[in-house]
Structures are given as C-alpha cells and as structure tokens.
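Tertiary structure, described
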Amino acid sequence: MPSWRLITSSWPDPEFNLAFEWALLEAVRSGKAPTTVRLWVNAPCVVVDRSGRSSAEVRLEACRELGIPVLRRPTAGGAVYHDKGNLNWTLVARREDVWPVRWPSELELLASRALLDLLASLGLEGQLKPQKGIFVRGLKVSGMAFYVGREVLMVHGTLLVCSDLRALRSVLKCKFEVANLSDLLGREIDPWSLASDLAIRLARAFGAGLVEGNPSDHELDLAEALRPKMRQAEGK
C-alpha cells in the first residue's frame, strides 16, 4: 500500500489558506511535492470556482456588510461558505498514484465513500447525489469540487460540523437546505475531532495509507506568491 503525505495545516488568514490550495496543486503537478491529503479549517469567507462564474450564487452586498471576503479556489463548481465550524478536506494526487482513476465522476465516487463511511461511524446514513453532494435526511452536509489535469488530479470539499448556518444563508443563494452534523446528532462536535478519521478513510478509499508531514518552504513561498489569484473582483 502506498503512503501519501498528510497535512493538517491551516492559517488564520483565509486568503492564505486558499492560496495554499493553489500552491499544493502546483507543487504536486511539478513533482516538488508528493500526493497529499490535507485537512484544514478556515476563517469566515465565501469561496467561488476557478473562473469566478459561481459568484452569481453569492450575495455580494451581504458579504461586504459582514466583512466576509470572496475568494477563488482552483476547481470548478458552486460557491461555498467556510468558517471554523466547517471541516475542509483536500486530496491532490499525481495521476500515476490514483491510476486508473481519470474523471471527476470517479473522484466523486471514491471521495464520497470516505465521507459516507465517516457518517456511518457516527450513526448517520448519508446519500451521495452525484454532482450535488452528500445528504443526510434530505439535508446537504458536504459538497465537493474537482480539477483534472494532465499530471495531477484534485478533489476537495466541505463537511458542515458546527458551522454558522445563519451566516451561510445570508451570503449564499443556497440551492439546497443544509445541516450541521452537530445538529443532526444532537450534540456538540469539534471539527478537528473528525479530521484524523476522515483523512484515513479518504486515503483508504484510494488504496493508500498516510504519513504525517508538513508544508515545505517551497509550498509556503508559492502560496504567498499566489495570493493575488485568490481575490475575487466583486461584481467585476
């Protein structure tokens, strides 16, 4: 079984957290970083797709009033809300490390297996609705997005644990009703308490194990240089 790097690094600055996603993608693509699983949390922000088209799903005026930045990620898909009650997960893999997986639908199926297994361990029955997310009792608890390149694949997503759903609904034009795992279970949960289990299940779904690691100086410097890519020009 191959061993992939596990990173659990996140920073107080949401812009840098998103810049690190771009840096990780580039570092793995260029061969300067190994296939990596990252678990992380973020300060409040709205995250739109690579092109910025999903900004149509964002209530930009509400973001300005609440002081919530709108940032870009390196994948396609819809707009999402981050805060410290939301557990973010990322897999960036060299193509040869996940062969024969090639398409977003395959990434979605394997990643969702990890999430559904995690939910089952908590006593929750989840359902994958392809291209929509993971649902429990008809309520969305997780979404994911993808990047498929010649040398590298990326799948990352969210897991609502104890997020501020009032703020989420204020800044996003939600397509689905959402719920926190803490509300579904009727008890408080710390997102970090699920991180290790989710990381292990995510790697296992792709037939790999994990070895704990840290961001390299190259990745950190690259993230700093990539900060301008994060900035979504509101309404422009």
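Per-chain numbering applies: the sequence of each chain, read as written, is numbered from 1 onward. Predicted model: local features are reported for residues with pLDDT of at least 70 only, side-chain atom pairs are reported and counted for 80 or more only, and whole-chain, interface and lining totals are derived from all residues. For the side-chain quantities, the full set of heavy atoms in the structure was used; hydrogens and water were omitted.

Labels follow the DSSP assignment, with helices taken as runs of H or I lasting at least four residues and strands as runs of E lasting at least two, numbered in each case from the N terminus. Of regular secondary structure, the chain possesses 9 helices and 12 strands. Projected onto the principal axes, the alpha-carbon positions of the chain cover approximately 45 × 40 × 30 Å. In the chain, which comprises 236 residues, the share counted as buried stands at 56%. Taking the contacts inside the chain whose residues are at least 6 apart along the sequence as the reference set, 75% of them involve residues at least 24 apart. Of the roughly 10800 Å² that the chain leaves accessible, carbon and sulfur atoms contribute 49%. By the counting rule applied here, Lys and Arg register as positive and Asp and Glu as negative, while His and the ends of each chain are not counted. A charge is said to be at NZ when it belongs to Lys, at CZ for Arg, at CG for Asp and at CD for Glu. Taken as two groups, the 31 positive and 28 negative side-chain charges of the chain have centres that lie 5 Å from each other. Using a 1.4 Å probe on the protein chains alone, a residue whose accessible area is under 20% of its type maximum counts as buried, one over 50% counts as exposed, and one in between counts as partly exposed. Throughout, a contact is declared for two residues whenever any of their heavy atoms are within 4.5 Å. For the accessible areas, the method is Shrake-Rupley and the probe is 1.4 Å, while residue cover comes only from the protein chains on display.

Here the focus is the sheet that holds strand S5 (residues 80-82). Following DSSP output, two strands are said to pair if at least two bridges run between them. Taken in spatial order, the 3 strands make up an open sheet running S4-S3-S5, and their pairing is mixed. This sheet does not close on itself; its edge strands, each paired only once, are strand S4 (70-72) and S5. When strand polarity is set aside, the average angle formed by the axes of neighbouring strands in this sheet is 35°. Of the strand pairs in this sheet, strand S3 (residues 45-48) and S5 are connected by 3 bridges, and their pairing is antiparallel. Paired with Val46 across the bridge in S5 is Tyr81. Every angle, taken between N-to-C directions, lies between 0 and 180 degrees, and every axis is a line fitted to C-alpha atoms, over only the stretch in contact when it is a helix. Sitting on the sheet, helix H1 (residues 14-29) is in contact with S3, S4 and S5, with an inclination near 15° to S4.

In a disulfide, the sulfur atoms of two cysteines are covalently bonded to one another. Here, two cysteine sulfur atoms that lie within 2.5 Å of each other are counted as a disulfide. Taken as a whole and judged by the stated rule, the model has 0 disulfides. Cysteine Cys45 is unpaired, with the sulfur of Cys63 as its nearest cysteine sulfur at 9.6 Å. Unpaired in this structure, Cys174 has its nearest cysteine sulfur neighbour in Cys63, at a distance of 12 Å.

Running from N to C, H1 and helix H8 (residues 217-225) cross one another at 120°; their axes reach a closest spacing of 8 Å. Considered as vectors, H1 and H8 are oriented oblique to each other. The interaxial crossing formed by H1 with H8 has right-handed handedness. For the pair H1 and H8, contact is made by Phe16, Ala19, Phe20, Ala23, Leu24, Glu26 and Ala27 and by His218, Glu219, Leu220, Leu222, Ala223 and Glu224, respectively. In this classification, Asp, Glu, Lys and Arg are treated as charged, Ala, Val, Leu, Ile, Met, Phe, Trp, Tyr, Cys and Pro as nonpolar, and every other residue, Gly included, as polar. For the contact of H1 with H8, the class distribution of residues is 9 nonpolar, 1 polar and 3 charged. Each angle is binned into one of four classes, with values under 35 degrees roughly parallel, values over 145 roughly antiparallel, values of 65 to 115 roughly perpendicular, and all other values oblique. Two helices that cross are described as forming a left-handed crossing if the nearer one is turned anticlockwise from the farther one by less than a right angle, and a right-handed crossing if clockwise.

Turning to its location among the elements, Glu108 is positioned in helix H4 (residues 104-121). What makes a salt bridge here is a side-chain nitrogen of Lys or Arg within 4 Å of a carboxyl oxygen of Asp or Glu, nothing more. Although buried, Glu108 forms no salt bridge, and the nearest oppositely charged side chain, Lys140, lies 8.8 Å from it. Setting aside anything within four residues of it in sequence, one finds Glu108 in contact with Leu128, Lys129, Pro130, Gln131, Lys132, Met144 and Phe146.

Below, the discussion takes up the layout of surface pockets. Definitions used for this entry: grid spacing 1 Å over protein atoms alone; cavity, a set of points where a 1.4 Å probe fits but cannot get out; pocket, an open set with protein on both sides within 12 Å along at least 5 of 7 lines; lining residue, one with an atom within 4 Å of a point. Grid points are joined across faces, edges and corners, and a volume is the space filled by probe spheres set on the points. Looking at the largest pocket, its volume works out to about 810 Å³. What lines the largest pocket is a set of 40 residues, among which Gly78, Ala79, Val80, Lys140 and Gly143 lie closest to the centre. Residue assignment for the lining of the largest pocket shows that the elements contributing at least two residues are H1, S5, strand S6 (86-94), H4, strand S9 (139-142), strand S10 (144-148) and strand S11 (152-160). With 4 residues, S11 is the largest single contributor of residues to the lining of the largest pocket. Around the second largest pocket, the lining residues are Trp22, Leu25, Glu26, Arg29, Arg50, Tyr147, Val152, Leu222, Leu226 and Lys229. Per element, the largest residue contribution to the lining of the second largest pocket is 4 residues, and it comes from H1. Looking at the lining of the second largest pocket residue by residue, the class counts come to 6 nonpolar, no polar and 4 charged.

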